[in-house]
Protein chains: 2
Amino acid sequence: MTEPVTIDMIEAAAERLAGRARRTPLLSSPFLDEIAGRRVLVKPECLQVTGSFKFRGAWSAISALPEDQRAKGVIAFSSGNHAQGVARAAQLHGIPAVIIMPADAPKLKIANTRAMGAEVVLYDRVGGESREAIGDKLSAERGLTQIRPYDEPLVIAGQGTMGLEIAEQAAGEGVTGADVLVCCGGGGMTSGIALALEAKAPGLRARPVEPEGFDDTARSLAKGEIVRNERTSGSICDAILTPAPGNITFPIMSRLCGPGLAVSDEEAQRAMVAAFTRLKIVLEPGGAVALAAALFRPGQISGDAVVVVASGGNVDAGVYRAALERFGDDA
Amino acid sequence: MTEPVTIDMIEAAAERLAGRARRTPLLSSPFLDEIAGRRVLVKPECLQVTGSFKFRGAWSAISALPEDQRAKGVIAFSSGNHAQGVARAAQLHGIPAVIIMPADAPKLKIANTRAMGAEVVLYDRVGGESREAIGDKLSAERGLTQIRPYDEPLVIAGQGTMGLEIAEQAAGEGVTGADVLVCCGGGGMTSGIALALEAKAPGLRARPVEPEGFDDTARSLAKGEIVRNERTSGSICDAILTPAPGNITFPIMSRLCGPGLAVSDEEAQRAMVAAFTRLKIVLEPGGAVALAAALFRPGQISGDAVVVVASGGNVDAGVYRAALERFGDDA
């Protein structure tokens with residue numbers, strides 16, 4: 001069976017993204033290397049347009065739409081980072097965007113999405129209101145195209161552009177064999193990066209990292225079939241709490257990825273503080289889980305170096321202050 | 001009179017720094033553009049090795065020393081960022097470093113300097129203990145070479161490499177005429193950048209930004225001669241509280257720079273929070289004054305775009321939390 005995402009699609013996405021998305025660097029600190037017991041190379045996607053990697057996938061998908069279809073606008077469901085990525089990509093294309101967000105999403109993410117010109121429709125995540133019903137109605141009325149957050153080949157191809165960059169940048173650092181730890185929700189970023197690495201840096205192996213208790217992808221990989229989380233709230237890592245790996249992303253991850261890792265909310269907070277102190281980048285909890293695994297689960301990783309994707313930085317000031325207050329004196 | 005720093009020296013420093021210092025990107029956010037009323041392009045030197053631009057000058061100076069002289073080691077006086085830059089550059093060269101620091105310097109800066117292998121000697125900044133006497137004695141005993149923080153041609157040349165990058169990167173963004181706002185202590189960075197821009201991007205003009213009450217450089221430029229600050233403590237912008245512009249840096253700035261700007265501590269804090277919210281970078285107060293001027297003093301700047309050097313991010317967690325607590329809900 002042919003996979004729905006190919007390296008050619010990733011390279012085409014990279015061409016569409018050129019001059020639009022930032023090519024984020026690889027950062028490092030001898031202090032982090034010491035904690036981890038190996039070299040740690042961090043790709044700070046918090047520095048990406050809209051503060052997370054999601055802009056890549058959103059731009060990839062929207063820029064590939066036929067022009068008449070694109071002109072009618074797009075719609076997305078998202079707790080925040082995909083929302084902002086789609087809103088900004090739509091704004092830059094000059095087209096309407098409707099974003100359906102849970103009412104309990106971080107305030108900053110809701111405000112940013114609105115400020116980037118999108119129409120935000122809030123729904124009650126816990127109360128059981130069907131976001132799909134809301135979305136279907138709006139899509140039908142206005143002819144909007146849905147941009148799915150991860151189970152969408154063009155989105156996966158966009159996220160895969162990070163893998164192209166990692167392959168080049170890691171080689172530039174002399175690293176050709178290592179685990180690449182990726183913060184994982186539905187698996188769009190993990191599967192995209194895995195595909196790019198397969199083609200460009202076969203010695204690098206993508207591995208998903210999730211919050212403890214929400215490690216659907218790790219358990220699915222271990223079992224060889226899709227396993228769902230029992231709940232999708234209850235961790236501070238809001239960005240990556242998805243019900244299950246996707247029908248498109250899971251087979252790719254299953255074929256290419258190493259075992260998943262899981263970290264506690266406390267470890268995610270400590271990684272946020274380590275990134276503050278040592279790299280001077282702002283990470284949100286869900287964007288810090290891969291760094292947390294590199295720093296605090298070294299026994300589950302092999303090799304002299306590890307690559308970490310720090311996927312986003314859209315965190316409310318209060319949440320950030322709490323992490324600094326709790327762990328800021330450990331540095 | 002020939003100036004002691006030339007564009008050739010800056011380009012030679014760039015060659016020595018290649019593969020050692022990071023080429024920091026230019027970041028931006030539509031939200032910052034809106035606050036400032038013009039495009040704001042931010043060069044995040046907080047992402048530089050050791051968390052501030054100072055590594056550039058330190059590496060430039062140490063790498064240019066004759067090998068036998070370098071092997072004996074180096075010594076520096078610094079409240080923190082120059083200390084870390086010199087310590088790390090010495091460590092990477094495998095040579096000893098002695099750093100004389102004020103006892104009231106930020107804890108993080110003292111701890112980092114020690115952790116990077118330097119011998120830290122603390123002195124009482126307020127009590128009047130002469131750091132020069134301490135330093136002279138150690139230098140004589142051990143044959144150490146002093147690496148001055150700003151009034152040193154090789155250090156200025158190292159900082160000037162930022163100007164080379166800004167010239168290229170701003171042109172890549174279509175910006176060829178703009179003010180370049182630079183956080184300014186003794187003027188090493190400001191004068192180095194000014195020299196590079198003179199040669200490579202004559203439409204870009206460097207301008208120093210200082211804390212209110214410590215605007216020795218702005219007043220010196222206005223008066224045409226070196227004027228000293230009345231005090232060198234009492235602002236949260238510890239990194240850039242110097243007594244006066246240098247004897248080497250001032251004539252360069254006087255010839256090339258536009259008028260200086262000054263911002264309040266509160267404006268520096270608000271800029272730290274804006275960088276947190278919109279760019280996902282961690283800035284220390286002194287590293288945020290140029291961004292503060294861009295955001296909150298738009299009437300003192302001309303043109304459709306402004307370039308800002310965000311010079312460092314070595315801030316204690318408590319200071320950062322205080323800024324977020326005070327202004328984190330403004331976003």
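Placed above this text is the structure.
From a predicted model like this one, the values you see are computed outputs, not experimental measurements.

Draft legend 1. Local environment of the overall build of chain A. Each helix and strand counted, chain A has 14 helices and 9 strands in total. Rg of the C-alpha trace for chain A: 18 Å, near the compact-globule value of 20 Å for 331 residues, within the 12% margin. Along the three orthogonal principal directions, the C-alpha set of chain A runs to about 55 × 45 × 40 Å. Looking at chain A residue by residue over its 331 residues, the buried ones come to 60%. Pairs at least 24 apart in sequence give 76% of the contacts found in chain A among residues at least 6 apart.

Draft legend 2. Representation of the environment of Ser63(A) within the structure. Along the polypeptide, Ser63(A) turns up in helix α3 (residues 54–63). The sequence separation of Ser63(A) and Leu17(A) amounts to 46 residues, and the corresponding C-alpha distance is 8.7 Å.

Draft legend 3. Region of the structure containing the interface of chain B and chain A. Listed per partner, the contact involves 23 residues of chain B and 24 residues of chain A. The set of elements that each furnish at least two residues to the side of chain B that touches chain A consists of α6 (107–115) and α14 (317–327) of chain B. Considering every element that reaches the side of chain B that touches chain A, the biggest residue donor is α14(B), with 6 residues. Of the residues belonging to the side of chain B that touches chain A, the class tally is 14 nonpolar, 4 polar and 5 charged.

Draft legend 4. Local environment of α6(B). Buried residues of α6(B): Leu108(B), Lys109(B), Ile110(B), Asn112(B) and Thr113(B), and no others. Contacts made by the buried residues of α6(B) are with α12 (265–279) of chain A together with α5 (81–93), β3 (97–102) and β4 (119–123) of chain B.

Draft legend 5. Spatial organisation of the sheet that holds strand β6 (residues 178–183) of chain B. Residues and elements named next belong to chain B. Across the sheet, which stays open at both edges, the 5 strands sit in the order β1-β9-β6-β7-β8 with parallel pairing between neighbours. Bordering the open sheet on either side are β1 (39–44) and β8 (261–263), each of which pairs with just one other strand. Direction aside, neighbouring strands of the sheet carry axes that sit 25° apart on average. Summarising the sheet, β6 and strand β9 (residues 305–310) pair through 4 bridges and their orientation is parallel. Bridge pairing in β9 links Val182 to Val309.

Draft legend 6. Quick peek at the pairing of strand β3 (residues 97–102) of chain A. Residues and elements named next belong to chain A. Buried residues dominate β3, accounting for 6 of its 6 residues. Judged by which residues are buried, β3 turns out to be covered on both faces: Ala97, Ile99 and Met101 on one side and Val98, Ile100 and Pro102 on the other are all buried. Where strand β2 (residues 74–77) and β3 come together, 4 bridges link them in parallel fashion. Bridge pairing in β3 places Ala76 opposite Ile99. Since β2 and β3 lie parallel, the crossover through helix α5 (residues 81–93) that links them has a hand, and here it is right-handed. In terms of strand pairing, β3 meets strand β4 (residues 119–123) through 5 bridges, oriented parallel. If you follow Pro102 over to β4, its bridge partner there is Tyr123. Considered for its hand, the β-α-β crossover made up of β3, helix α6 (residues 107–115) and β4 is right-handed.

Rules used throughout
- Residues numbered from 1 in each chain as written.
- Chains lettered and ligands numbered in written order.
- Predicted model: local features only at pLDDT ≥ 70, side-chain atom pairs only at ≥ 80, totals over all residues.
- Helix = DSSP H or I, 4+ residues; strand = E, 2+ residues; numbered from the N terminus.
- Rg over C-alpha atoms; globule rule 2.2 N^0.38 Å.
- Buried ≥ 20, exposed ≤ 12 C-beta atoms within 10 Å, placed from the backbone.
- Contact = placed C-beta atoms within 7 Å.
- Nonpolar A, V, L, I, M, F, W, Y, C, P; charged D, E, K, R; others polar.
- Pairing = 2+ DSSP bridges.
- Axes fitted to C-alpha atoms, helices over the stretch in contact; angles between N-to-C directions.
- Right-handed = clockwise from strand over helix to strand, strands pointing away.

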